[in-house]
Every structure is written in structure tokens, then in C-alpha cells.
Amino acid sequence: MTSVGASEQAATDGGGPGSSAKTSAAGHAPTTRQGAPGVRETRGTVGSAGMWAFLATDAMGFASLFIAYAVLRVRAPAWPDPRGWLPLPPAALMTATLMGCSLTVALAVRARRDAVTRGWLFVTIVLGAAFLSSVAVEYRRLWNGGAGVGFSRDLVASTFYALTGYHALHVLAGVVLLALIVARRRVPPKVVAVVALYWHFVDIAWMPIFTFVYLLPAS
Amino acid sequence: MNDREKLEQTAGAGAGSLLATFLFLLGLTGAELWVATTPAERAARITALAGLLMLKAGVVLMLFMHGRSRLRVSWLVFAGLAVGVGYAVVLMMEAAFRARLS
């Protein structure tokens with residue numbers, strides 16, 4: 001095993017012969033990663049390749065929903081202007097929140113200490129939960145509002161709930177995944193990097209929803 | 001260059017760069033809001049929004065996901081989206097053409 005491989009293995013295991021010596025010498029568990037601190041290189045790992053393959057298939061899932069939305073919108077005799085029933089400030093805030101998740105999870109990946117990684121992951125969880133809360137508030141406003149926009153009211157409502165609901169499920173899965181990671185005794189750096197890829201994809205997937213559902217002007 | 005330096009070189013952007021990228025994305029989102037609310041021609045607004053969308057997605061893919069170092073798998077994800085987007089564009093154009101005929 002090369003020195004790089006040994007250091008990566010030590011980083012993954014959260015310790016190694018060197019770290020054990022550090023522990024016994026210092027009397028406490030080491031907080032920095034051995035070999036390459038702050039580096040969570042995932043290129044070439046099975047986990048990273050598997051996540052990219054999963055994201056490619058998930059991208060097809062989102063693409064199919066966007067195709068359906070595009071076809072239905074173009075072929076519909078009339079389509080309401082989104083600004084008439086979807087306020088922009090909350091949607092913009094949701095967009096900023098998701099981009100914040102990308103930032104914090106990226107900071108978690110490059111963190112040098114386990115505690116800092118956990119901190120950034122916790123912030124990501126909070127931001128993800130805030131996004132989900134915003135979605136819930138928006139759904140409640142639409143259901144209980146004067147217009148009473150339910151799922152089966154019309155094509156506009158169905159496509160809106162299908163797209164945003166599908167995306168919200170992805171955010172929920174990401175939040176649960178991060179919570180499981182943070183709850184572990186050790187936070188494996190490569191796992192964090194792989195999960196970060198998922199969160200960046202969720203951020204990217206929201207962008208066309210924000211553009212085509214909330215911003216695209218009606219004809 | 002030793003192994004640690006090589007690893008650190010491929011680790012990606014520093015915290016400052018990540019924050020700058022985030023602020024740039026916020027700016028692009030602001031630009032999208034401005035384009036959507038400006039009283040310009042509809043086709044121009046749609047084109048601008050599509051361009052801003054692709055720019056934002058590209059920034060996240062290349063800078064946050066380190067797509068530059070994984071071009072092959074990046075294109076795998078892009079292919080999934082590009083096929084869908086291309087198909088949607090063709091269908092939209094076809095539907096618009098048929099709407100004009102009728």
C-alpha cells in the first residue's frame with residue numbers, strides 16, 4: 001500500500017497505527033485526519049462512481065417530469081401566470097436556502113476536523129429542514145387559501161405538486177441521510193463527499209423548477 | 001510534488017472560493033428574478049431565463065461537484081438531462097407549430 005493509500009485508509013477508518021499512538025500519547029482521540037487532512041478525495045472510489053450513476057438515473061426521472069410539464073403547458077389552451085398564484089419571495093428564499101445547503105455541505109467536505117464537519121452537516125440539515133418547512137407552508141397556503149388549489153384541481157396544480165413534491169422527497173431523503181451520518185460515532189470523509197454530490201444534485205434539480213414553474217411567464 | 005500536495009491540489013476550492021461561488025449563485029438568482037419581472041418581450045425573457053438556469057447549473061456542477069475533474073461522469077449526468085431537455089424543446093416546438101396550424 002502506498003503512502004497515499006495508507007493515509008486515505010487511515011482517514012477513512014478515522015485512525016490507524018499512527019493515530020492510536022497519538023491517542024495513547026495525548027490521552028484523547030485525535031480530531032484531525034491522518035495523511036491528508038481536510039482532503040476527501042473521492043475520484044475513482046466505488047462510492048463516488050456509484051453515486052454518479054445513481055444521479056444520472058435520477059436525472060432521467062426529473063427529465064421525464066419536466067418533459068411532461070413542458071408538453072402539458074405548451075398544449076394547454078391557457079396557462080395561468082405563475083406570479084398570480086405563486087409568490088416569488090418565498091420561492092427565491094427557498095432557492096437561496098438550497099444553494100446554502102450546497103455551500104455548507106461543500107464546507108463540510110473540505111473541513112479538517114471531525115467536529116467542524118459535523119457542524120457544517122448539522123447546518124445543512126437545518127437548511128434542508130427549513131426548505132421542507134417552506135414547501136409545507138406553501139402547500140398549506142394553496143390548499144387552504146381562497147383559490148383552494150388541490151392536487152386534482154387542474155393540470156396546473158397537478159404538475160406543480162408533482163414536480164415540487166418529487167423534489168421535496170429528494171430533499172427529505174438528503175436530510176435523513178445527513179442525520180444518520182451525523183449521528184454516527186465517526187463521520188467517514190468519503191461518505192460525506194459522496195453524500196455531498198447528492199445534495200449538489202438536489203440543488204441543481206430545483207433550479208429548473210424555480211425557472212419553469214415560478215418564473216416562466218405565461219403566454 | 002509529493003502525494004499530499006497532489007491530493008490537496010485535487011481537493012477542490014477553498015472556503016473563500018466556495019463562499020464566492022455561493023454569492024455568485026445568489027447574484028444569478030437575483031438576475032433571474034429581475035428578468036422575470038421586467039416588462040420585456042416574452043421570448044427574450046424565456047431565453048434569458050434558460051441561459052441563467054444553465055449557467056447556475058454549470059457553476060454548481062463544475063465548482064461544487066468538481067465536475068472538471070470528472071468530465072466523463074459529469075457528461076453522464078448531463079446526457080440524462082440533455083436528452084430530456086432536448087426532447088422537451090422539440091415537443092414544445094412541435095406543439096407550438098400545431099397550435100399555429102389550428
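Because the structure is a prediction, the values reported are computed rather than measured.

Caption draft 1: Structural context of the overall build of chain B. Broken down by element type, chain B carries four helices and zero strands. Starting at the N terminus, the α and β elements of chain B follow one another as α-α-α-α. Split into buried and exposed, the 102 residues of chain B put 31% on the buried side. Carbon and sulfur atoms provide 69% of the accessible area of chain B, an area that totals close to 6,100 Å².

Caption draft 2: Spotlight on the overall build of chain A. Secondary structure assignment for chain A yields seven helices and zero strands. Element order for chain A, N to C, with α for helix and β for strand: α-α-α-α-α-α-α. For chain A, with 219 residues in total, the buried portion stands at 53%. For chain A, restricting intrachain contacts to residue pairs at least 6 apart in sequence, the fraction spanning at least 24 positions comes to 77%. As presented, chain A carries roughly 9,400 Å² of accessible surface, and 67% of it is formed by carbon and sulfur atoms.

Caption draft 3: Seen up close, the packing of helix H4 (residues 88–110) of chain A against helix H2 (residues 15–37) of chain B. For the pair H4(A) and H2(B), interaxial distance at closest approach is 10 Å and the crossing angle is 165 degrees. Classified by the interaxial angle, the pair formed by H4(A) and H2(B) is roughly antiparallel. When you trace H4(A) past H2(B), the crossing you get is right-handed. Where H4(A) abuts H2(B), its residues A:Leu88, A:Ala92, A:Thr95, A:Ala96, A:Met99, A:Gly100, A:Leu103, A:Ala106, A:Leu107 and A:Arg110 lie against B:Ala15, B:Leu18, B:Leu19, B:Phe22, B:Leu25, B:Leu26, B:Thr29, B:Leu33 and B:Thr37. Grouping the constituent residues of the contact of H4(A) with H2(B) by class yields 14 nonpolar, four polar and one charged.

Caption draft 4: Broad picture of empty space enclosed by the protein. Residues and elements named next belong to chain A. Throughout the structure, instances matching the rule amount to two cavities of 30 Å³ or more. Put simply, the second largest cavity is a space of about 50 Å³. Lining the second largest cavity, in full, are Tyr69, Trp79, Pro80, Pro82, Trp85, Leu86, Val156, Thr159, Phe160 and Val213.

Caption draft 5: The nonpolar core, seen in detail. Counting 78 residues, the largest nonpolar core has A:Phe160, A:Trp199 and A:Tyr214 as the members making the most contacts within it. For this core, the secondary-structure elements that each account for two or more residues are helix H3 (46–75), H4, helix H5 (114–144), helix H6 (155–182) and helix H7 (189–215) of chain A together with H2 and helix H3 (42–64) of chain B. For this core, the leading source of residues is H7(A), giving 19 residues. Setting aside anything within four residues of it in sequence, one finds A:Phe160 in contact with A:Trp85, A:Leu86, A:Glu138, A:Tyr139, A:Leu142, A:Gly165, A:Val213 and A:Tyr214.

Caption draft 6: How the structure looks around the confidence of the model for chain A. Averaged over all residues, the pLDDT of chain A is 80; the fraction at 70 or higher stands at 78%. Predicted confidence is poor over residues 1–42 of chain A, with pLDDT under 50, and the contacts of this stretch with residues over four places away or in other chains come to 74 contacts.

Caption draft 7: Here's a closer look at the confidence of the model for chain B. Residues and elements named next belong to chain B. Across chain B, the average pLDDT comes to 75, with 64% of residues at or above 70. Averaged pLDDT values for the elements of chain B fall to 41 in helix H1 (residues 3–9) and rise to 93 in H2. For residues 1–10, every residue scores under 50 in pLDDT, and the model assigns this stretch 15 contacts once sequence neighbours within four places are set aside. For this predicted complex, the interface confidence reaches an ipTM of 0.74, while the overall pTM sits at 0.75.

Caption draft 8: Structural detail: the environment of B:Ala36. Within the secondary structure, B:Ala36 is located in helix H2. In this structure B:Ala36 comes out as buried when scored by relative accessible area, which is 1%. Distance from B:Ala36 to B:Ile46, taken between C-alpha atoms, is 8.3 Å for residues ten residues apart in sequence. Non-local contacts of B:Ala36, meaning those with residues more than four positions away in its chain, are made with A:Arg83, A:Leu215 and B:Arg45.

Caption draft 9: Examining the environment of A:Ala91 more closely. Residues and elements named next belong to chain A. Among the structural elements, Ala91 can be located in helix H4. You can call Ala91 buried: its relative accessible area is 0%. Considering only alpha carbons, one finds Ala91 and Val135, 44 residues apart in sequence, at a separation of 9.0 Å. Among all residues touching Ala91, those that are not within four sequence positions of it are Trp206, Phe210 and Tyr214.

Caption draft 10: Just H2(B), in detail. Its 23 residues place the ends of H2(B) 33 Å apart at the C-alpha level, agreeing with the 33 Å of an ideal helix rising 1.5 Å per residue. Residues of H2(B) that are buried include every one of B:Leu18, B:Thr21, B:Phe22, B:Leu25, B:Leu28, B:Thr29, B:Glu32, B:Val35 and B:Ala36, and no others.

Caption draft 11: Structural context of the pattern of salt bridges. Residue and element names in this part refer to chain A. Enumeration according to the criterion identifies three salt bridges over all chains in this entry. For Asp81, the salt bridge is made with Arg83, and the minimal N-O distance between the two is 3.8 Å. Owing to a relative accessible area of 29%, Asp81 belongs among the partly exposed residues under this scheme. Here Arg118 ties to Asp114 by a salt bridge, and the two come within 3.7 Å at their closest N and O atoms. Of this pair, Arg118 and Asp114 both sit in helix H5, four residues apart, which is roughly one turn of that helix. For the pair formed by Arg118 and Asp114, the shared burial category is buried.

Definitions and cut-offs
- Residues numbered from 1 in each chain as written.
- Chains lettered and ligands numbered in written order.
- Predicted model: local features only at pLDDT ≥ 70, side-chain atom pairs only at ≥ 80, totals over all residues.
- Heavy atoms only, no water.
- Helix = DSSP H or I, 4+ residues; strand = E, 2+ residues; numbered from the N terminus.
- Buried < 20%, exposed > 50% of the residue type's maximum accessible area, 1.4 Å probe, protein only.
- Areas by Shrake-Rupley, 256 points an atom, 1.4 Å probe, with all protein chains shown as cover.
- Contact = heavy atoms within 4.5 Å.
- Axes fitted to C-alpha atoms, helices over the stretch in contact; angles between N-to-C directions.
- Parallel < 35°, antiparallel > 145°, perpendicular 65-115°, else oblique.
- Left-handed = near helix turned anticlockwise from the far one by under 90°.
- Nonpolar A, V, L, I, M, F, W, Y, C, P; charged D, E, K, R; others polar.
- 1 Å grid on protein atoms, 1.4 Å probe; cavity = no way out; pocket = protein on both sides within 12 Å on 5 of 7 lines; lining within 4 Å.
- Points joined across faces, edges and corners; volume = space filled by probe spheres on them.
- Core = buried A, V, L, I, M, F, W, Y, C linked by side-chain atoms within 4.5 Å.
- pLDDT = per-residue confidence, 0-100.
- Expected span 1.5 Å × (residues − 1).
- Salt bridge = Lys/Arg side-chain N within 4 Å of Asp/Glu carboxyl O.

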